Amino acid sequence: MNIEARNPKKELADSTAETEIAPALPEFALQHKLRESLERSYIPSASWWYWHMVDGEPFDDKTKAEMLLAQKEELPYMVSAVLERACNLSCSHCLYQDEKSSAKASREGHLTEVIAHMVESLPQVSEETPEVKFMSTGRILRPWHLDLLKNLRHIRPDVKLGVIDNGTFTKLQPKWPEGLKLDWLDVSIDGTEEHHNEQRGASNAYADAMNGLKHAREVVRSRAEGGYVASLLTLTTINAKDTLNVADVLLGGDGEPLVDKLNLTTMGPTNAINAALEMSVEDFAEGWTEIKRACEKYNTADNERVSLGLYRIEDVEKLAAVVGEQKFLESFPQDAGEAETRVKFRGNFIETHIDGVPVSYLPISIWPPEELLIEADAAYRVAYEGQFTLDELRTGRSKDGRDTKPYTVAQLTPETDFREVYEKAVDLYWQHFGHKKLDEEFAAFQRIRAKAGIK
């Protein structure tokens, strides 16, 4: 939806109601009082976030409480699931570690029944929720996953089914259920053949991925039915300069392009191996040049096939440094009328254009509405849980002594109430991660504003 012209923080300032302040994270106590107010109206969480960031006015307790209440009204339109913890690759940029198969934990947790129940509980398609989704996020497909997808298609035909894969799904094609077509399939290409293989730690990784893309349309609905094939390129120090090369391979040529969309993102370091691959500002600058060239070559006004998606405020700050802080801030207008025409909300994503590049940003501080994430053991977990093994998450302690309990919202069952457990996730995530991330995001925008000469 288009960003609202209303400035919610100004509306909130007009309120004269006094609210009791709790000793710790007072926004939790304030939620209950604000929820009872007959005068308050729903404003998207991203709108609250946006106006404080662009105006540079600190978030007060009431605003934080309003953001939490807004998130609770923004039920996730996607259920995603890690269906298998084992993988045939050991990618250097990957969030996950090497693990044994999680199939036993899935059976014990009744994963297929849990997923079916949560997908069935997704919001109905409406004007406010134009589509609902289920996504298999990895790590590799197993034969039983196909039966799960077939069942989901049966119980909720309106739910779009998608799979993220490394190309090895082709090994299951002989067992593919008759008539089962995905709504989308994403097979990553992480640079040139040399760089893809280097980043994914296998000499045959690129060949497998390209083979998967060549067969992708055999398992995906036609474009006329809304189906599409995508590829995600995770930018690192290895492949920062490869975007145009990859775009030429996937979108160019005389025949039908291998993909309909090339999505770019940055890597969030979580361990010693992938931390070494994080791009510096200089790397980002070189990568940005190639991204601009790819967008200029393959994007049109009505078909933006190449885009950049960001989650980490660190990468947002790098982007601002590369394009110039003033130009960056001009892409996030302070004027409500200008913002309405230049900035859009997609769920809790904020979308804009910089140097002709479509850029979407999901502030990780308000992550919960993006998805209801189900792990291989049928537990509902929050963002960045993948940095820990399943055993570390289930025992509550990582091998290096970190507390992993905050990453688990609840053990799901086929009777779990969708809204109730989601609202619990909003509060739990905010308590342990969200409020800290908001402070980091605000501080970064303050630095960007200062460098742009804005007080």
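Structure shown above.
Read on for an overview of the structure. (Residues numbered from 1 in each chain as written. Predicted model: local features only at pLDDT ≥ 70, side-chain atom pairs only at ≥ 80, totals over all residues. Heavy atoms only, no water.)

Summing up its helical and strand segments, the protein has 17 helices and 13 strands in all. A globule of 455 residues ought to have a C-alpha radius of gyration of about 23 Å, and the protein, at 22 Å, matches this closely. Among the 455 residues that make up the protein, the fraction classed as buried is 58%. Across the protein, contacts joining residues at least 24 apart in sequence account for 74% of those joining residues at least 6 apart. Just so you have it, the protein exposes about 19,600 Å², and 50% of that area is on carbon and sulfur atoms. Within the protein, one finds 54 positive and 77 negative side-chain charges whose respective centroids are separated by 3 Å. (Helix = DSSP H or I, 4+ residues; strand = E, 2+ residues; numbered from the N terminus. Rg over C-alpha atoms; globule rule 2.2 N^0.38 Å. Buried < 20%, exposed > 50% of the residue type's maximum accessible area, 1.4 Å probe, protein only. Contact = heavy atoms within 4.5 Å. Areas by Shrake-Rupley, 256 points an atom, 1.4 Å probe, with all protein chains shown as cover. Lys, Arg positive; Asp, Glu negative; His and termini not counted. Charge placed at Lys NZ, Arg CZ, Asp CG, Glu CD.)

Now for the nonpolar core. Core analysis: the biggest nonpolar cluster contains 123 residues, and Trp49, Tyr50, Ile115, Phe134, Trp288, Phe328 and Ile374 have the highest contact counts within it. Ranked by residues supplied to this core, first place goes to helix α17 (residues 418-451) with 13 residues. Not counting the four nearest positions on each side in its chain, Phe134 is found in contact with Val79, Ala81, Ile115, Val119, Leu148, Leu149, Leu152, Val159, Lys160, Leu161, Gly162 and Trp184. (Core = buried A, V, L, I, M, F, W, Y, C linked by side-chain atoms within 4.5 Å.)

What follows covers the packing of helix α13 (residues 313-323) against α17. Geometrically, a packed helix pair is captured by the angle between its two axes and the distance between the axes. Between α13 and α17, the shortest axis-to-axis distance is 10 Å and the interhelical angle comes to 10°. In terms of their interaxial angle, α13 and α17 are classed as roughly parallel. Packed against α13, whose contacting residues are Ile313, Val316, Glu317 and Ala320, the element α17 presents Glu440, Glu441, Ala444, Phe445, Arg447 and Ile448 at the interface. Each residue belonging to the contact of α13 with α17 can be placed in one class, and the counts come to six nonpolar, no polar and four charged. (Axes fitted to C-alpha atoms, helices over the stretch in contact; angles between N-to-C directions. Parallel < 35°, antiparallel > 145°, perpendicular 65-115°, else oblique. Nonpolar A, V, L, I, M, F, W, Y, C, P; charged D, E, K, R; others polar.)

Glancing now at the pattern of salt bridges. Within the structure shown, the criterion is met by 34 salt bridges. One salt bridge connects Arg447 with Glu317, and the closest N-O pair in it is separated by 2.7 Å. With Arg447 in helix α17 and Glu317 in helix α13, this residue pair connects regions lying 130 residues apart in the sequence. Glu317 sits in the buried class, given a relative accessible area of 18%. The network of salt bridges with common partners includes Glu278, Arg312, Glu314, Asp315 and Lys318. (Salt bridge = Lys/Arg side-chain N within 4 Å of Asp/Glu carboxyl O.)

In this section: the pairing of strand β2 (residues 132-138). In terms of burial, β2 is a largely internal element, six of the seven residues being buried. Two strands pair when backbone bridges link them, and strand β1 (residues 78-82) and β2 are joined in this way by five bridges, in the parallel orientation. When the sheet's bridge partners are listed, Met78 is paired in β2 with Lys133. Here five bridges tie β2 to strand β3 (residues 159-165), and the two strands are oriented parallel to one another. Paired with Lys133 across the bridge in β3 is Lys160. (Pairing = 2+ DSSP bridges.)

All of the buried residues along helix α10 (residues 243-251) are Thr243, Leu244, Val246, Ala247, Leu250 and Leu251. Taken around the axis of α10, the buried residues stretch over an arc of 160°, which confines them to a single face. Of the residues trailing α10, Gly253 is marked for its positive phi of about 90°. (Arc of directions from axis to C-beta.)

A separate point is unusual backbone geometry. Even without being glycine, Asp355 reaches a positive phi, approximately 55°. Assignment of secondary structure puts Asp355 in the loop between β9 (349-354) and β10 (357-361). Looking at Asp355, the relative accessible area reads 30%, which means it is partly exposed. The phi torsion at Ala378 lies on the positive side, around 70°, for a residue other than glycine. Mapped onto the secondary structure, Ala378 falls in the loop between β11 (372-374) and β12 (379-381).

Running from N to C, helix α8 (residues 193-200) and helix α9 (residues 205-215) cross one another at 110°; their axes reach a closest spacing of 8 Å. On the basis of the axis angle, α8 is roughly perpendicular to α9. Contacts from Glu193, His196, Asn197 and Arg200 in α8 reach Ala205, Tyr206 and Ala209 in α9. Considering only residue class, the contact of α8 with α9 consists of three nonpolar, two polar and two charged.

We now examine the packing of aromatic side chains. For the coordinates displayed, the defined rule picks out 15 aromatic pairs. With 6.4 Å between their ring centres and 70° between their planes, Phe169 and Trp176 make a pair best called edge-to-face. Each of the two residues, Phe169 as well as Trp176, counts as buried. For the pair Phe328 and Phe445, a centre-to-centre distance of 6.0 Å together with 50° between the ring planes defines the contact as tilted. One end of the pair, Phe328, is in helix α14 (residues 325-330); the other, Phe445, is in helix α17, and 117 residues separate them in sequence. Like Phe328, the residue Phe445 is buried in the burial classification. A connected cluster of aromatic rings, assembled from ring pairs, spans Trp49, Tyr50, Trp51, Phe328, Phe332, Tyr361 and Phe445. (Phe/Tyr/Trp six-rings, centres within 6.5 Å; stacked < 30°, edge-to-face > 60°.)

To continue, consider α8. Those residues of α8 that fall on the buried side of the exposure criterion are His195, His196, Asn197, Gln199 and Arg200. Tucked into the core, α8 has its buried residues touching α9 and β5 (228-235). Looking at the residues trailing α8, positive phi occurs at Gly201, about 70°.

With respect to the helices and strands, the residue Asp183 is situated in the loop between β3 and β4 (184-187). Judged by its relative accessible area of 2%, Asp183 is buried.

Taken by themselves, the reported measurements are silent on function.
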